[in-house]
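Structure assessment
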Amino acid sequence: SYTTLFRSFFDEIGLAEISKNNPLKVLHSLLEPPNSDSNSEDQVAFIGISNWRLDASKMNRTIFLARPDPDEEDLIKTACDICDSYKKNASTNHRPLLEALAKGYYQLQSQDTNYDFPDFHGARDFYALIKQVSYQLVNSNKDPEVIVVEAINRNFGGLENSANTMRALVSNYLYSLENFISYETPVLELIEKNFSDPNARYLMIITNSNYGTYILEHFFSEQSSKSKILVGSNFEKDLTKEEYSFKTLSNIIIHMEKGDSIIMQNLDSIYPSLYDLFNQNFTIVSKRKNCRIALGSTNNPMCYLNDNFRCTIIVDKKDVENKDPPFVNRFEKQILTLDNIMNPDQIKLYKEIQQTLKEMTTPAFGKAKSFVLSLERMLAGYGEDTIKALVIKNWKEDKKVQDIAERIYSRIIALASMDFILASENSIYKQNNESVYLYFVSSYYVNHIESLNDLIAERVVRDDWPHKLAKYVVYTYTNLLEVINYDPQTDDEFKVGIFEEERVVENALKNFFRS
């Protein structure tokens, strides 16, 4: 007769351990060893896998088996086995290269690097590196050094010097790589390679501003037109209600089935439900990919995954240190900022505009080095990244730089307060460039909006409302408690502070457009 052994396998049990609801407490009695009165046939074997130790109440009820970090020999053997999985005995011809990668990664993990985040790169990055290198060695005619450098740049990016450090360490064991140590692939090219590689891990884009989504839309318009951008809610009730997470996950499942690409940002509350997706741990049924998604506290359905589906996550640089290393290690990571995508001509124009704004707020007379108010106070929405974004957005290779600059200045002047105009009246810039200064001032008065009613009358009507949707962001120094005069028959006023859920905002907007 056949003997069947039943077991309960709990993957990523550590994620449940850190939950504020303490769901693993129910395991205490179930993990107790059987007593003499219990029926051994009723016992079920239990296996839990975690990236960190659980608390003592659970550890003391189980046999704890720790898997140590792989040593150098383990990494070399793993690299060779991965390479052989693509072609039998392929590692024999490329063993020196594979050994160099393994030794370089071992040094990266064992030595005290200058990383701000020591566990930022882990074993998953190494395995992905070996897979990419092995596949290219077996299936392409590229030079091995080119293959290695490209793979390192893709799989060990995400920090300022992480790819440089890895290339330097590998070159200590692979001397033919020395000429490629300083080779840095442009970040936009690395992102493009990820998007076009069907075997690549999903991408995590790390940015130090709110322009990550804008950059993707600007430079990858073809991919972005097929992408759905999902930005998480910051409303307090949405952060705690399971209903919001369920709704968001349901939308993601629909995109998975349709084969859309999704760009996710600020959805930390649902990322633990998508670990199988991020792992690309797919179950193939009738030649169709399926993936398990945790829907709520009780449902773990197997969901169909279209082959064209891609997933990209945007993370703010300041939040990286708060992310769990196992979560970060699942992705191919790149830093995407306005600085590392600007060409030298754009950088030069940006610096010229910054210098102009500084001179326009530096007094020509007296001992003061600057006006009493900051540029942030005098120019609504001002910031270094704002000017950089304007340069990138308005840059046209077939346009003269002077024409581009004038267009940018017109955008800046539209955001200027009267304080800025007063400051520039006695500035160094006016003293040295009076004719240009007068052009700026006249542009301000021509386009200046006196009131919200003027904006509605002049701009919204001009834009053919209601046949076209006019969208404006209006900066004001008006107190929030001040009454705004508007026509209640045609206009609705919403105070964002009263909303507590994203659903309420959506319903308010739907009702407005239906009316």
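Further up the page is the structure itself.
Let us look at the structure shown here. (Residues numbered from 1 in each chain as written. Predicted model: local features only at pLDDT ≥ 70, side-chain atom pairs only at ≥ 80, totals over all residues. Heavy atoms only, no water.)

**As for a nonpolar patch on the surface**
A cluster of nonpolar side chains, Phe 9, Ile 47 and Ile 49, forms an exposed patch at the surface whose accessible area comes to about 260 Å². Mapped onto the elements, Ile 49 comes out in the loop between β2 (45-48) and α3 (56-59). (Patch = residues over 30% accessible without salt bridge, like charges linked within 9 Å, V, L, I, M, F, W, Y side chains within 5 Å. Areas by Shrake-Rupley, 256 points an atom, 1.4 Å probe, with all protein chains shown as cover. Salt bridge = Lys/Arg side-chain N within 4 Å of Asp/Glu carboxyl O. Helix = DSSP H or I, 4+ residues; strand = E, 2+ residues; numbered from the N terminus.)

**Digging into the sheet that holds strand β7 (residues 288-292)**
Ordered in space as β6-β7-β8, the three strands form an open sheet in which the pairing is antiparallel. Of all the strands in the sheet, the pair left with one neighbour each is β6 (283-285) and β8 (302-305). Averaged over all adjacent pairs, the angle separating strand axes in this sheet is 40 degrees, with direction ignored. Two strands pair when backbone bridges link them, and β6 and β7 are joined in this way by three bridges, in the antiparallel orientation. Bridge pairing links Thr 283 to Asn 290 in β7. Contacting β7 and β8, helix α14 (residues 242-258) crosses the sheet at an angle of about 40 degrees to β8. (Pairing = 2+ DSSP bridges. Axes fitted to C-alpha atoms, helices over the stretch in contact; angles between N-to-C directions. Contact = heavy atoms within 4.5 Å.)

**What to know about the pairing of strand β5 (residues 261-265)**
With four of five residues buried, β5 is to be regarded as a mostly interior element. Pairing geometry for strand β4 (residues 227-231) and β5, over five bridges, is parallel. Bridge pairing in β5 places Lys 228 opposite Ile 262. Here β5 pairs with strand β9 (residues 310-316) via five bridges, running parallel. Pairing of Ile 262 across the sheet is with Cys 311, part of β9. (Buried < 20%, exposed > 50% of the residue type's maximum accessible area, 1.4 Å probe, protein only.)

**Notes on helix α19 (residues 384-394)**
With respect to burial, α19 is a largely interior element, eight of its 11 residues being buried. Those residues of α19 that are buried lie in contact with α11 (212-219), α17 (344-360) and α20 (401-414).

**Focus: helix α21 (residues 418-425)**
For α21, the full list of buried residues reads Phe 420, Ile 421, Ala 423 and Ser 424. End-on view of α21: buried residues confined to an arc of 165 degrees, all on one side of the axis. (Arc of directions from axis to C-beta.)

**Let's talk about the pattern of salt bridges**
Taken as a whole and judged by the stated rule, the model has 21 salt bridges. Between Glu 506 and Lys 247 there is a salt bridge whose closest N-O contact spans 3.0 Å. Here Glu 506, found in helix α25 (residues 502-514), pairs with Lys 247, found in helix α14; they are 259 residues apart in sequence, far enough to count as distant. Overall, the relative accessible area of 29% leaves Glu 506 in the partly exposed class. Under the relative-accessibility criterion, Lys 247 is labelled partly exposed at 33%. Beyond isolated ion pairs, a larger network of salt bridges with shared partners links Lys 142, Glu 150, Glu 189 and Lys 193.

**Considering the packing of aromatic side chains**
Taken as a whole, this structure holds 15 aromatic pairs when the rule is applied. Between Tyr 429 and Phe 440, the ring centres sit 6.2 Å apart and the planes meet at 25 degrees, which makes this aromatic pair stacked. With Tyr 429 in helix α22 (residues 428-432) and Phe 440 in helix α23 (residues 434-447), this residue pair connects regions lying 11 residues apart in the sequence. Given the relative accessible area of 9%, Tyr 429 is considered buried. Overall, Phe 440 belongs to the buried group, its relative accessible area being 4%. An aromatic cluster is defined as three or more aromatic residues linked by ring pairs; in this entry it consists of Tyr 271, Tyr 275, Phe 278, Phe 327 and Phe 331. One cation-aromatic arrangement involves Arg 288 over Tyr 304; the distance from NZ or CZ to the ring centre is 3.9 Å. A cation sits over an aromatic face here: Lys 333 above Phe 120, 5.5 Å from the ring centre. (Phe/Tyr/Trp six-rings, centres within 6.5 Å; stacked < 30°, edge-to-face > 60°. Lys NZ or Arg CZ within 6 Å of the ring centre and 35° of its normal.)

**Quick look at the side chain of Asp 260**
The topology assignment puts Asp 260 in the loop between α14 and β5. Residue Asp 260 is classed as buried on the basis of its relative accessible area, which comes to 12%. Looking at Asp 260, its side chain comes within polar contact range of the side chain of His 255, at 3.0 Å. (Polar contact = N/O pair within 3.5 Å; in protein donor to acceptor, adjacent residues only side chain to side chain.)

**Focus on the sheet that holds β9**
Taken in spatial order, the five strands make up an open sheet running β4-β5-β9-β3-β10, and their pairing is parallel. Both edges of this open sheet fall to β4 and β10 (332-335), since each of them pairs with a single strand only. This sheet shows a mean twist of 20 degrees between the axes of neighbouring strands, independent of strand direction. Both strand β3 (residues 203-207) and β9 contribute to a ladder of five bridges, which runs parallel. Residue pairing for β9: Leu 203 is matched across the bridge by Thr 312.

**Considerations on unusual backbone geometry**
The phi dihedral of Asn 89 is positive, around 60 degrees, even though this residue is not glycine. Topologically, Asn 89 is positioned in the loop between α4 (72-86) and α5 (90-93). Under the relative-accessibility criterion, Asn 89 is labelled partly exposed at 47%. Here Ser 286, not a glycine, exhibits a phi torsion of approximately 55 degrees, which is positive. Mapped onto the elements, Ser 286 comes out in the loop between β6 and β7.

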